[in-house]
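Understanding the architecture of this molecule
Chain residues, written in single-letter form:
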Amino acid sequence: MSVAEQLKQVQDRIPAHVTLVAVSKTHPVEHILKAYEAGQRNFGENKVQELTAKASAMPGDVRWHLIGHLQSNKVKYIAQLVHMIHSVDSLKLLKEINKRASGAERVIDCLLQVHIAEEDTKFGLDEGEVELLLANPVFWEMNNIRIKGLMGMATFTEDQSQVKREFASLKALYERLKLKFEADERWQPEVLSMGMSGDFELAIEEGSNMVRVGSSIFGARDYA
Ligand SMILES: *Cc1c(COP(=O)(O)O)cnc(C)c1O
């Protein structure tokens, strides 16, 4: 099947209130363009260098999502062009994003990445750390970032009940934070980014409104 056909199949499984981020990491621009020509505008990359290279080769109205771990010293390369950063996992990183966004005279939308999976290899804040970050006065003084919600990745397992439980726990945290911290310019909780090729339907059932889908659209990744 072509990229356009696979994209269509994924779109058909996603309700209208859910944003599809097409995860194009490792795939060449010619394939990404096929999805673009079929109407897709939100694309996700997990590496800064790959994102910037593809952004310069793709049309200017693509909304680029950085979904992978971000080092503070690389924020400057994406400050002008990134649409949303899904992987904020420290106040230090947020400060750097704020500084570089200020230099670029813009506000950058961010998600806090929360560690919900059993594996300890995945990045992210735990629930207590998320609350501490949002309660920190330093955060409320930043003028060039906007926290739009949370992102999480479930454990890679066949056990659907575990995946469901992890998504449900992220949704519950999201709802708790919405009650606890009043929305303002910096905190506008509207996005719950959870769900990938293997689990996005379950994620949507559990309250996701942004899914990050790669291999179901572009095929298997070749890291060779
Ligand atoms: C690669 C990646 C995805 C997409 O994974 P697929 O299983 O190919 O859909 C989603 N989110 C993050 C953070 C990723 O790194």
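Everything discussed here concerns the structure shown above.
Residues numbered from 1 in each chain as written. Predicted model: local features only at pLDDT ≥ 70, side-chain atom pairs only at ≥ 80, totals over all residues. Heavy atoms only, no water.

**Overview of the overall build of the protein**
Short version of the rule: Each helix is a run of H or I in the DSSP string that is no shorter than four residues. Each strand is a run of E no shorter than two, and both are numbered from the N terminus. Each radius of gyration is computed over the set of C-alpha atoms, and the globule rule expresses the reference value as 2.2 Å times the number of residues to the power 0.38. Think of it in three bands: with a 1.4 Å probe and only protein chains considered, a residue is buried below 20% of the maximum accessible area for its type, exposed above 50%, and partly exposed in between.
Tallying secondary structure elements over the protein gives 10 helices and eight strands in all. Against the 2.2 N^0.38 benchmark of 17 Å for 224 residues, the protein shows a C-alpha radius of gyration of 17 Å, consistent with a compact globule. In terms of overall dimensions, the protein has a C-alpha envelope of 50 × 45 × 35 Å along the principal axes. Looking at the protein residue by residue over its 224 residues, the buried ones come to 49%.

**Brief notes about the side chain of E45**
Put simply, the rule is: Polar contacts, as used here, are pairs of N or O atoms within 3.5 Å; protein pairs need one atom able to donate a hydrogen and one able to accept it. Residues neighboring in sequence count only if both atoms are side-chain atoms. Contacts were defined at the residue level, with two residues in contact if any of their heavy atoms lie within 4.5 Å.
With respect to the secondary-structure elements, E45 resides in strand 2 (residues 42-45). By relative accessible area, which is 0% here, E45 ends up buried. A polar side-chain atom of E45 sits 2.9 Å from a polar atom in the side chain of K54. In contact with E45, other than residues within four places in its own chain, are S24, K25, I32, E50, L51, K54, W64, H65, L66, I67 and G68.

**Digging into the packing of aromatic side chains**
Stated formally: Two rings from Phe, Tyr or Trp (for Trp, the six-membered ring) form a pair when their centres are within 6.5 Å of each other. A pair whose planes differ by under 30 degrees is stacked, one over 60 is edge-to-face, and the rest are tilted. In this scheme, Lys NZ or Arg CZ marks a charge over a ring once it lies within 6 Å of the ring centre and within 35 degrees of the ring normal.
By the definition in use, this model includes two aromatic pairs. The interplanar angle of 40° and the centroid separation of 6.0 Å between the aromatic rings of F43 and W64 together place this pair among those described as tilted. Here F43, found in strand 2, pairs with W64, found in strand 3 (residues 63-66); they are 21 residues apart in sequence, far enough to count as distant. Exposure class is identical for F43 and W64. Each is buried. Here the aromatic rings of F139 and W140 are separated by 4.9 Å at their centres, their planes lie at 70°, and the arrangement is edge-to-face. Overall, W140 belongs to the partly exposed group, its relative accessible area being 22%. Just above the ring of Y36 sits the side chain of R41; from NZ or CZ to the centre is 3.6 Å.

**Focus: the site of the ligand**
So the rule is basically this: For this description, a residue counts as near a given molecule or strand if any of its non-hydrogen atoms is within 4 Å of it. What sets the accessible areas is the Shrake-Rupley method with a 1.4 Å probe; for residues, cover comes only from the shown protein chains. Classification used: nonpolar for Ala, Val, Leu, Ile, Met, Phe, Trp, Tyr, Cys and Pro, charged for Asp, Glu, Lys and Arg, polar for all others including Gly.
Surveying the vicinity of the ligand reveals the residues V23, K25, I67, M153, M196, S197, R212, V213, G214, S215 and R221. Its free accessible area being 390 Å², the ligand has 91% of it covered by the protein chains. A breakdown of the residues in the shell around the ligand according to their chemical character gives five nonpolar, three polar and three charged.

**Concerning helix 5 (residues 91-103)**
Operational definition: Any helix carries an expected span of 1.5 Å times its number of residues minus one.
When the terminal C-alpha atoms of helix 5 are compared, their 18 Å separation across 13 residues agrees well with the 18 Å that a helix rising 1.5 Å per residue should span. Residues L91, L93, L94, E96, I97, N98 and A101 constitute the buried set of helix 5. At the exit of helix 5 stands E105, carrying a positive phi of roughly 55°.

**A look at the pairing of strand 8 (residues 210-213)**
This is how it is decided: The rule for pairing is simple: two strands pair if DSSP sees at least two bridges between them.
Residues M210 and R212 of strand 8 are buried on one face, and the alternating residues V211 and V213, pointing to the opposite face, are buried as well. Taken together, the four bridges between strand 1 (residues 19-23) and strand 8 define a ladder with parallel strand orientation. For T19, the partnering residue across the bridge sits in strand 8 and is M210.

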